[in-house]
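Residue-level structural notes
Each chain, written out:
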Amino acid sequence: MNIYDKAYELARAIRESDELKELKSLNERIAADADSKRMLDDFRKRQQELQERMMKGEMPSQDEMQKMEKLFDVINLNPSLKKLFESERRLGVMMNDIQRIIMAPLEEVLK
């Protein structure tokens, strides 16, 4: 058994998964809707800025966090964006599960 062949097989399976297909479809739908795309891009930019600050050790204020939560709530009123976030969450769960499964042999050795 060639481990790299299995890795490529897993990559193919992920590409063919319903989770990734749905995410791709939703991204295409949002890209075609200027308002949704603008809202998503603005939200992602603000989210990235906050994450970068947090990585530098700067914790955002409670007010900033509340503004982001409110912005997220408003964005979730857009059905396409709401579906996108749900799809991203499901794909993230799947990827975390895969990582946990793959890392299990290493963890067994390191114990």
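Now for a description of the structure that goes with this document. (Residues numbered from 1 in each chain as written. Predicted model: local features only at pLDDT ≥ 70, side-chain atom pairs only at ≥ 80, totals over all residues. Heavy atoms only, no water.)

Per the counting criterion, the structure on display carries ten salt bridges. Residue Glu-22 is joined to Arg-90 by a salt bridge in which the shortest nitrogen-to-oxygen separation is 2.5 Å. Taken together, the residues Glu-22 in helix 2 (residues 18-31) and Arg-90 in helix 5 (residues 79-110) connect sequence positions 68 residues apart. Under the relative-accessibility criterion, Glu-22 is labelled partly exposed at 32%. The partner of Arg-44 in a salt bridge is Glu-88, and the shortest N-O contact between them spans 2.4 Å. (Salt bridge = Lys/Arg side-chain N within 4 Å of Asp/Glu carboxyl O. Helix = DSSP H or I, 4+ residues; strand = E, 2+ residues; numbered from the N terminus. Buried < 20%, exposed > 50% of the residue type's maximum accessible area, 1.4 Å probe, protein only.)

Bringing helix 4 (residues 62-75) into the picture now. End to end, helix 4 covers 20 Å across 14 residues, agreeing with the expected 20 Å (1.5 Å per residue, within 8%). Regarding helix 4, the residues found buried are Met-68, Leu-71 and Ile-75. Seen along its axis, helix 4 keeps its buried residues to an arc of 60°; they face one direction. Exposed residues pointing more than 90 degrees away from the buried face of helix 4 are listed as Gln-62, Glu-69 and Lys-70. Tucked into the core, helix 4 has its buried residues touching helix 3 (34-55) and helix 5. (Expected span 1.5 Å × (residues − 1). Arc of directions from axis to C-beta. Contact = heavy atoms within 4.5 Å.)

This paragraph deals with helix 5. The terminal C-alpha atoms of helix 5 lie 45 Å apart, and with 32 residues this matches the ideal 46 Å at 1.5 Å per residue to within 8%. The axis of helix 5 is deflected most strongly, by about 40°, at Ala-104, and proline Pro-105 appears within four residues downstream. Those residues of helix 5 that fall on the buried side of the exposure criterion are Ser-80, Leu-81, Leu-84, Phe-85, Ser-87, Leu-91, Met-94 and Ile-98. Considering only its buried residues, helix 5 is in contact with helix 1 (3-15), helix 2, helix 3 and helix 4. N-cap assignment for helix 5: the residue whose side-chain oxygen lies 2.9 Å from the backbone N of Ser-80 is Asn-78. (Bend = angle between axes of the 7 residues up to and from the residue. Polar contact = N/O pair within 3.5 Å; in protein donor to acceptor, adjacent residues only side chain to side chain.)

Attention now goes to the environment of Phe-85. Within the secondary structure layout, Phe-85 lies in helix 5. Apart from the residues within four sequence positions on either side, Phe-85 is in contact with Leu-40, Phe-43, Arg-44, Phe-72, Ile-75 and Asn-76.

Let's shift gears to the packing of aromatic side chains. All chains considered together, the criterion is met by three aromatic pairs. Aromatic side chains Phe-43 and Phe-72 sit 5.8 Å apart centroid to centroid with 40° between the ring planes, which places their arrangement in the tilted category. Pair noted here: Phe-43 is in helix 3 and Phe-72 is in helix 4, with a separation of 29 residues, a long-range link. Residue classification places Phe-43 among the buried residues on the basis of a relative accessible area of 5%. With a centroid separation of 5.1 Å and 40° between ring planes, the pair formed by Phe-72 and Phe-85 is classed as tilted. In this pair, Phe-72 sits in helix 4 while Phe-85 sits in helix 5, placing the two residues 13 residues apart along the sequence. Assessed through its relative accessible area of 11%, Phe-85 is described here as buried. Taken together, the ring pairs connect Phe-43, Phe-72 and Phe-85 into an aromatic cluster. (Phe/Tyr/Trp six-rings, centres within 6.5 Å; stacked < 30°, edge-to-face > 60°.)

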